[in-house]
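Fold and contact review
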Amino acid sequence: MGRTLIIGACGQLGSELTVYLRSRKGQDQVVASDISKPIPYIADGPFEELNIMDKDQFLKILKKHDISEVYHLAAILSAKGEQNPLFAWQLNMDSLLIVLEAAKEKLIEKIYWPSSIAVFGPDTPKDQTPQNTIMNPDTVYGISKQAGERWCEYYHHKYGVDVRSLRYPGLIGYKTKPGGGTTDYAVDIFFKAVAGENFQSFLSKDTELPMMYMADAVRATVSLMEAPTESIKVRSSYNLAAMSFTPEEIFHELKKIYPDFKIEYTPDFRQKIADSWPNSINDNVATREWGWKPTFDLKTMVREIVTQMTVEI
Ligand code: AKB
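Residues numbered from 1 in each chain as written. Predicted model: local features only at pLDDT ≥ 70, side-chain atom pairs only at ≥ 80, totals over all residues. Heavy atoms only, no water.

Some words on the domain arrangement of the protein chain
This is how the line gets drawn: Segmentation of the chain into domains, including their bounds, is taken from an automatic or database domain assignment. In this analysis, two residues are considered to be in contact whenever any of their non-hydrogen atoms come within 4.5 Å of each other. Each of two parts loses accessible area, computed with a 1.4 Å probe, when they are put together; buried area is these two losses added. The rule for a salt bridge is simple: a side-chain nitrogen of Lys or Arg has to be within 4 Å of a carboxyl oxygen of Asp or Glu. Whenever two N or O atoms come within 3.5 Å, that pair is a polar contact, provided that in protein one can donate a hydrogen and the other can accept it, and provided that, for residues adjacent in sequence, both atoms are side-chain atoms.
Each assigned domain of the protein chain is listed with its residue range as follows: domain 1 (3-169 + 214-239) and domain 2 (170-211 + 242-280 + 295-312). One C-alpha centre belongs to domain 1, the other to domain 2, and the line joining them spans 24 Å. Each side of the interface is counted separately: domain 1 has 31 residues, and domain 2 has 27 residues. Carbon and sulfur atoms make up 56% of the area that domain 1 and domain 2 hide from each other, which totals about 2,400 Å². Taken as a group, Gln12, Lys126 and Pro169 account for 27% of the area that domain 1 buries against domain 2, more than any other trio of residues on that side. Put simply, domain 1 and domain 2 have zero salt bridges between them. Remark: the boundary between domain 1 and domain 2 carries 17 residue pairs in polar contact (both at pLDDT 80 or more).

Here's what the structure looks like:
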């Protein structure tokens, strides 16, 4: 097995995954890459500046570092995608196909590519959304993730590519801020509460969405990648769940720690996106096939994040 390459390593998930994988595999075994300069959090290991739309540059990096495994995390998320739909489609799709083609040509052995609850749409059953159901996404991000899932399954069946994927709920961390998502309010709210400021929510108080603490998301990702090939039956993408909550519920959890904390609701265009997504996800297939089990719920996550943020201030 050669080294691991993380594409989009300066992002919300990429940065934490880089640190976690380096601690497991060794600092020099995990090459971080991003279109931007390295953030300090991941700067203490190998780094390459990479625009993943540049196929030649990608192939050079694979060779230079003897890469056998790629985590391709670069994407335009739901809210940002709506502002430039064609660019979002192009980036999300072309980059995936560049990575899948490299695996087809046997230049890499294993790929991780994230999907999202955004593959579901207004026609999807909202509660305990099953693994296989009506999808019909109506954001460009959701459409690109659904198409990406089909491509992953196609490359696996047709060319034997070992590609694995998870449909992430909203991911909540505090080490780097996310950019351009609809679930991002649940990250921003921590920064406001800890700074002693009031919070303006762009989603209404009772908008329930599936969410997950970053530590669980990183663990799920690596468990999936380390699971034996024969246990991975789903080659599109696995449903993955941990908790569901509304803006009002997370606000109340934070108010227990910050009694003066205040919230105001000013829903914008992101409300329609959130309304098209499930309230909760059924991830029984992931549990059955490779043993997925979350460890954080809303209460334990809020306490953990506030503790960590206040220690680091
Ligand atoms: C977004 O809000 O766009 C993402 C997602 C759910 O995939 N966090």
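Examining the pattern of salt bridges
For clarity, the threshold we go by: Helix and strand assignments follow DSSP, with helices taken as H or I runs no shorter than four residues and strands as E runs no shorter than two, numbered in order from the N terminus. Exposed residues in this analysis have more than 50% of their type's maximum accessible area, buried residues have under 20%, and partly exposed residues fall in between, with area computed by a 1.4 Å probe over protein chains only.
Throughout the structure, instances matching the rule amount to 15 salt bridges. Between Arg167 and Glu149 there is a salt bridge whose closest N-O contact spans 2.8 Å. Taken together, the residues Arg167 in strand β8 (residues 166-168) and Glu149 in helix α5 (residues 140-159) connect sequence positions 18 residues apart. The class of Arg167 is buried, set by a relative accessible area of 3%. By relative accessible area, Glu149 is classed as buried at 2%. Glu253 is the partner of Lys256 in a salt bridge, and the nearest nitrogen-oxygen pair spans 3.1 Å. Through salt bridges with shared partners, a single ionic network connects Asp162, Arg164 and Arg235.

Examining the nonpolar core
Definition in use: The nonpolar core is taken to be a set of buried Ala, Val, Leu, Ile, Met, Phe, Trp, Tyr and Cys residues, with the residues joined through side-chain atoms within 4.5 Å.
By size, the foremost hydrophobic cluster in this structure holds 41 residues, and its most contacted members are Phe190, Phe245, Ile250, Leu254 and Met301. Taken together, the elements giving at least two residues each to this core come down to α6 (185-195), β11 (209-213), β13 (243-245), α8 (247-255), α9 (270-275) and α11 (298-312). A per-element tally of this core places α6 first, with seven residues. Two domains share this core, each providing at least three of its residues, namely domain 1 (3-169 + 214-239) and domain 2 (170-211 + 242-280 + 295-312). Setting aside residues up to four positions removed in sequence, Phe190 forms contacts with Ile172, Ile250, Leu254, Met301, Val302, Ile305, Val306 and Met309. Counting residues in each nonpolar core, the second largest holds 32 residues, with Cys10, Ile42, Met214 and Ala217 among its members.

Things to note about the confidence of the model for the protein chain
Under the convention used in this document: Scored between 0 and 100, pLDDT is the confidence that the predictor attaches to each residue.
Averaged over the protein chain, the pLDDT score is 97; the fraction of residues at 70 or greater is 99%. At the low end of the mean pLDDT range in the protein chain sits α11, at 94; at the high end sits β8, at 99.

Overview of the packing of aromatic side chains
Think of a pair of aromatic rings as described by two things: how far the centres are apart, and how the planes are tilted against each other in angle. Test applied: Between the rings of Phe, Tyr and Trp (Trp by its six-membered ring), a pair exists once the centres lie within 6.5 Å; its type follows the angle of the planes, with under 30 degrees stacked, over 60 edge-to-face, and the other angles tilted. Whether a charge sits over a ring depends on NZ of Lys or CZ of Arg being within 6 Å of the ring centre and within 35 degrees of the ring normal.
With the rule as written, the count across this model stands at twelve aromatic pairs. Ring geometry for Tyr185 versus Phe202: centroids 6.3 Å apart, planes at 85 degrees, classification edge-to-face. Placement of the pair is Tyr185 in helix α6 and Phe202 in the loop between β10 (199-201) and β11, with a sequence separation of 17 residues. Note on Tyr185: relative accessible area 0%, which makes it buried. Take Phe202: its relative accessible area is 9%, and that puts it in the buried class. Ring geometry for Tyr238 against Trp290: centres 5.7 Å apart, planes inclined by 75 degrees, an arrangement best described as edge-to-face. Of this pair, Tyr238 sits in strand β12 (residues 238-239) while Trp290 sits in helix α10 (residues 284-290), placing them 52 residues apart in sequence. The same class applies to Tyr238 as to Trp290, namely buried. Through a chain of ring-to-ring contacts, three or more aromatic side chains come together here, namely Trp151, Tyr154, Tyr155 and Tyr159. Lying across the ring of Phe191, Lys177 places its NZ or CZ 4.5 Å from the centre.

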